[in-house]
Amino acid sequence: MHKTLYKQFSFGTLMLFFALAACKTPDVRRLSFNDNWHFMLDADSSDYSAVCKDSTWRVLDLPHDWSIEGEFSEANPATVGGGALPGGVGWYRKDFVLSTDDATKHIFIDFDGVYCNSEVWINGHSLGKRPNGYISFRYELTPYLKPTGETNTIAVKVSNSPQPNSRWYSGSGIYRNVWLLKLNPVHIAQWGTYITTPTITEKQAEIHIETAVDNQDTQNVNLSVVTTILDANGKEVAKNETTLSINKQQSAKAQTSIKLHKPNLWSIESPYLYTAVTELKSGKEITDRYETKFGVRSFQFDTHKGFSLNGKSLKINGVCNHHDLGCLGTAVNYRALERQLEILKAMGCNGIRTSHNPPAPELLQLCDKMGFIVMDEAFDMWKKGKNPYDYSINWDKWHQTDLRDLILRDRNHPSVFIWSIGNEIPEQGDSTGITIGKELSDLIRVLDPTRPITSAMNEPRPYNMIYRSNGLDLVGYNYKHERFDSFPEHFPGKKFIATETVSALQTRGHYDQQSDSIRIWPIRWDLPFTTGNTDNTCSAYDNCHAPWGSTHEDTWKQIKKYPFLSGQFIWTGFDYLGEPTPYLWPSRSSYFGIIDLAGFPKDVYYMYQSEWTDQKVLHLLPHWNWAPGQTIDVWAYTNATEVELFLNGKSLGKRSKQGDDIHLMWRVNYQAGELKAIGTWGKETQTTRVRTAGPATTFRATPDRAIIRADKSDLSFVSIQMLDKDGNPAPMANNQMAFNIEGKGSIAGVDNGSPTSHESFKGNTIRAFNGKCLVVVRSNGQKGEVKLTISSPGIQAQNITIIAQ
């Protein structure tokens, strides 16, 4: 089931405790229901019975995104804003048989997310519809199941039509995990544990646990509710028992408190997780068992001092991310999410904003485990829409249910620090912003009074109607970095969070001279997009941004300068499919990311690494392949005390940061050869070289992991760097690469990070883009070797072996 956490929040000092409820079940309580579904795209949906009798459907495993399998086209109704990929109507069907052991069970199905407008049937009976493509939901199957031993059929209709209904690539289908639950009549409810600590000291944390229990039996029951706390090593550290009486066909909540001695605190450096094991006992029989991961911590947003965690000041150095995973589309994958977070963590990032909808449960599990501060966002729009067919159509009927389900599902994650009720909501400009803002904030506080609430406001002024609802604990700024310093004047006594910043534009590996010329594309946000470069590129110097945004450096200078600025969430961590500002077709993905769509860092990644981490950083840009005599700006992102630059052995001078400098620069007359930078940190030095490269004659293939799990979902990301005959990176190589798999795996996707490539992500070829490309290898469920052969015309092929075990 899900995870449940809780924290006790009081503005000033926030005492909190978190719990995350993931069920592990000795009685096979919760089973993956992802395997062996049948799928048909654009099936005739007029007759349910006829649809489900069709025997020609494709067999596949979930999670599944059918749009990512399609062809890029300017004519697709999603438009380039939605990734220029197809939507449509799809059907999923799965047969299953229950055993005699299940005869007394109550059977449920949990969907973590279906995009969008889903309807679910069991044996021809409609269970219901959920239009929201990001929300998790449950149906009970029990009343409509056939006798044990007979075949049941579950069918799901998914309608990502009409379009456009999203401002970015949404994906289509059952793109998150599905679970089958087999529960005794008396069981812990969905998202049923809630844990809080009223007090936390160095010696002791007081843990309060609320457990919601459903009695679907035909008689009243008296239960013992036993809670055992395990440390990170699985050792019991505390235990408590309470009693609960529940009438038949009713629900009730058990309350208990436990003392946890010398608690290990959850932090971004050491995200320590405990486990609460909750058992329901009727006499000697255990009727249910539920595990809840949790962390113990306190935090505070302060008017003057900004954010602190466990009593220590901390800047939230976060990024916004959409939910697609590049060439994998939106089909959620634990390893792909983990890889993204690993890349961000190495940059020094400590925060994630779930832009602009409820995230996959796996993302929050990983943020709990890896130590990220999450702003969990509910909506991109309310009743006033942003696209012709978006969620605003369903607002009146569904927004309270969807918000309630989000809070109940996610309120227990130690990584979730902030609730956001919406992003750039049109109602911020009229009086309905007051009434709806208050409604949403009041609902959240009933369900979770422990976290601050914000809204990402793109017009953060005191007259903003959402702000005037008095529902916000944090004033959320989207952009407007030039106003950051005057925040105390405009919002006296209030607390600040930069919910969205920067919107700089960069193409990995492309550089326009000169670097100190700022380009704003498009010229105005409210005019048709105009091309800045005819090849649809943006310079990877930090000198190009959207008109509503700023450069990375300008924003960071403001955030780091003022203690009351608690932190920021940069737009964006990774490039994403859709919204290709400042261009239209043939661009089909964004330019905003610090990291490109394939997961290759852009140069500005090292700017943040030099500012946000303690590791020694010395990164030179650009590449060193230019026309003779051309004037080239050489930048160094570094935290060295001093850097000396050499061209072909001749010193071009030493530089050190002055004032609020973020990078160093030399203006150089190009000569082919070698640029060398020597950075000095006290008595230590580090050298970085960039050389002129010839044509690509070979390549280096590097798997991020050579050993993966043989579970049909684990991945190895194999990066390919094109090289010249001397082994130098070839920065503009665009060789066509081909991939072949033998053994116990398959190709999950290919990518190159180009925003204009129209090659299929699901093919076995991809052209290198500015010297790099990527192939993703998936295990097929069998143990053994996965042999990947990589080839290109005129270049000797190479083999990579990955072990699935």
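Here is a short report on the structure shown in this document. Only a predicted model underlies this, so the values are computations on that prediction, with no experimental measurement involved.

When you go through the protein chain residue by residue, the secondary structure sums to eight helices and 46 strands. The C-alpha atoms of the protein chain give 27 Å as radius of gyration, which agrees with the globular expectation for 805 residues (28 Å, within 12%). Here the protein chain holds 805 residues, and 61% of them are scored as buried. Of the roughly 29800 Å² of accessible surface on the protein chain, a fraction of 48% belongs to carbon and sulfur atoms.

Moving on to helix H5 (residues 432-447). Taking 1.5 Å per residue as the helical rise, H5 with its 16 residues ought to reach 22 Å, and the 23 Å between its terminal C-alpha atoms agrees with that figure. Along H5, the residues that are buried comprise Gly433, Ile436, Gly437, Leu440, Ser441, Leu443, Ile444 and Leu447. Along the axis of H5, the buried residues cluster in a sector spanning 155°; they form a single face. Residues of H5 that are exposed and point more than 90 degrees away from the buried face comprise Thr435 and Val446. Buried residues along H5 sit against strand E12 (186-196), helix H4 (395-410), strand E24 (416-423) and strand E25 (453-457).

What follows concerns the state of the cysteines. Tallied over the full model, the rule gives zero disulfides. In this structure Cys349 is a free cysteine whose sulfur lies 8.9 Å from that of Cys367, the closest cysteine sulfur available. Distance from the sulfur of Cys773, which forms no disulfide, to the nearest cysteine sulfur (Cys327) is 11 Å.

Helix-helix packing: each pair is described by the crossing angle between the helix axes and the interaxial distance. At a closest axis distance of 10 Å, the pairing of helix H2 (residues 334-347) and helix H3 (residues 361-370) adopts a crossing angle of 40°. With respect to each other, H2 and H3 are oriented oblique. Crossing of H2 over H3 shows right-handed handedness. The residues of H3 that touch H2, namely those facing Tyr334, Leu337, Glu338, Leu341, Glu342 and Lys345, are Glu362, Leu363, Gln365, Leu366, Cys367, Lys369 and Met370. Considered class by class, the residues forming the contact of H2 with H3 number seven nonpolar, one polar and five charged.

Strand-to-strand pairing in sheets goes through backbone hydrogen bonds, with the strands running parallel or antiparallel. On the basis of which strands lie adjacent, the open sheet formed by four strands has the order E2-E11-E6-E9 and antiparallel pairing. The outermost strands of the open sheet, each flanked by one partner alone, are strand E2 (30-32) and strand E9 (137-140). Pairwise comparison of adjacent strand axes, ignoring direction, gives a mean angle of 25° for this sheet. Relative to strand E11 (residues 178-183), strand E6 (residues 106-111) runs antiparallel, the two being bridged by six bridges. In the sheet register, Ile107 faces E11, and the bridge partner there is Lys182.

Turning to the sheet that holds strand E22 (residues 351-354), a few remarks are in order. Taking strand neighbours around the barrel as the criterion, the eight strands line up as E21-E22-E23-E24-E25-E26-E27-E30 in a closed arrangement whose pairing is parallel. Averaged over all adjacent pairs, the angle separating strand axes in this sheet is 25°, with direction ignored. The pairing of strand E26 (residues 475-478) with strand E27 (residues 496-502) spans three bridges and is parallel. Following the sheet pairing, Gly476 is matched in E27 by Ile497.

We now examine the pairing of strand E35 (residues 664-669). The alternating pattern of E35 places Leu664, Trp666 and Val668 on a buried face and Met665, Arg667 and Asn669 on a face that is not buried. Both strand E32 (residues 631-638) and E35 contribute to a ladder of six bridges, which runs antiparallel. Its bridge partner being in E35, Val634 is matched across the sheet by Trp666.

So, on to the packing of aromatic side chains. Two measures describe an aromatic ring pair: the distance that separates the ring centres and the angle between the ring planes. Counting across every chain of the model gives 41 aromatic pairs. Arranged with centres 5.8 Å apart and planes meeting at 80°, the rings of Trp556 and Trp612 form a pair that is edge-to-face. With Trp556 in helix H7 (residues 552-561) and Trp612 in helix H8 (residues 604-612), this pair connects stretches of sequence that are 56 residues apart. Residues Trp556 and Trp612 agree in their burial class; the two are buried.

Before going further, it helps to examine the packing of H2 against H8. The geometry of H2 relative to H8 is characterised by a closest axis approach of 7 Å and an angle of 55° between their N-to-C directions. Between H2 and H8, the interaxial angle falls into the category oblique. Judged by residue contacts, Ile343, Ala346 and Met347 of H2 engage Tyr605, Tyr608, Gln609 and Trp612 from H8.

On to H2, then. In this model, H2 (14 residues) spans 20 Å end to end at C-alpha, consistent with the 20 Å of a helix rising 1.5 Å per residue. Those residues of H2 not exposed but buried are Arg335, Ala336, Leu337, Glu338, Arg339, Gln340, Leu341, Ile343, Leu344 and Met347. The inward-facing, buried residues of H2 contact strand E21 (316-321), E22, H3, H8, strand E40 (715-723) and strand E44 (772-779). The N-terminus of H2 is capped by Asn333, whose side-chain oxygen sits 3.0 Å from the backbone nitrogen of Arg335. Of the residues flanking the end of H2, it is Gly348, one or two places downstream, whose phi is positive at about 105°.

Looking now at the side chain of Arg138. Positionally, Arg138 belongs in strand E9. Side chain to side chain, Arg138 and Asp110 meet in a polar contact 2.7 Å long.

Let us look at the environment of Ser589. On the secondary structure map, Ser589 appears in the loop between strand E30 (565-571) and H8. Between the C-alpha atoms of Ser589 and Gly82, which are 507 residues apart in sequence, the distance is 8.8 Å. Setting aside residues no more than four positions away along its own chain, Ser589 makes contact with Tyr576, Leu577, Gly578, Pro580, Leu597, Ser754 and Pro755. Only 2.9 Å separates the side chain of Ser589 from the side chain of Arg588, close enough to count as a polar contact.

About the criteria used
Residues numbered from 1 in each chain as written. Predicted model: local features only at pLDDT ≥ 70, side-chain atom pairs only at ≥ 80, totals over all residues. Heavy atoms only, no water. Helix = DSSP H or I, 4+ residues; strand = E, 2+ residues; numbered from the N terminus. Rg over C-alpha atoms; globule rule 2.2 N^0.38 Å. Buried < 20%, exposed > 50% of the residue type's maximum accessible area, 1.4 Å probe, protein only. Areas by Shrake-Rupley, 256 points an atom, 1.4 Å probe, with all protein chains shown as cover. Expected span 1.5 Å × (residues − 1). Arc of directions from axis to C-beta. Contact = heavy atoms within 4.5 Å. Disulfide = S-S within 2.5 Å. Axes fitted to C-alpha atoms, helices over the stretch in contact; angles between N-to-C directions. Parallel < 35°, antiparallel > 145°, perpendicular 65-115°, else oblique. Left-handed = near helix turned anticlockwise from the far one by under 90°. Nonpolar A, V, L, I, M, F, W, Y, C, P; charged D, E, K, R; others polar. Pairing = 2+ DSSP bridges. Phe/Tyr/Trp six-rings, centres within 6.5 Å; stacked < 30°, edge-to-face > 60°. Polar contact = N/O pair within 3.5 Å; in protein donor to acceptor, adjacent residues only side chain to side chain.

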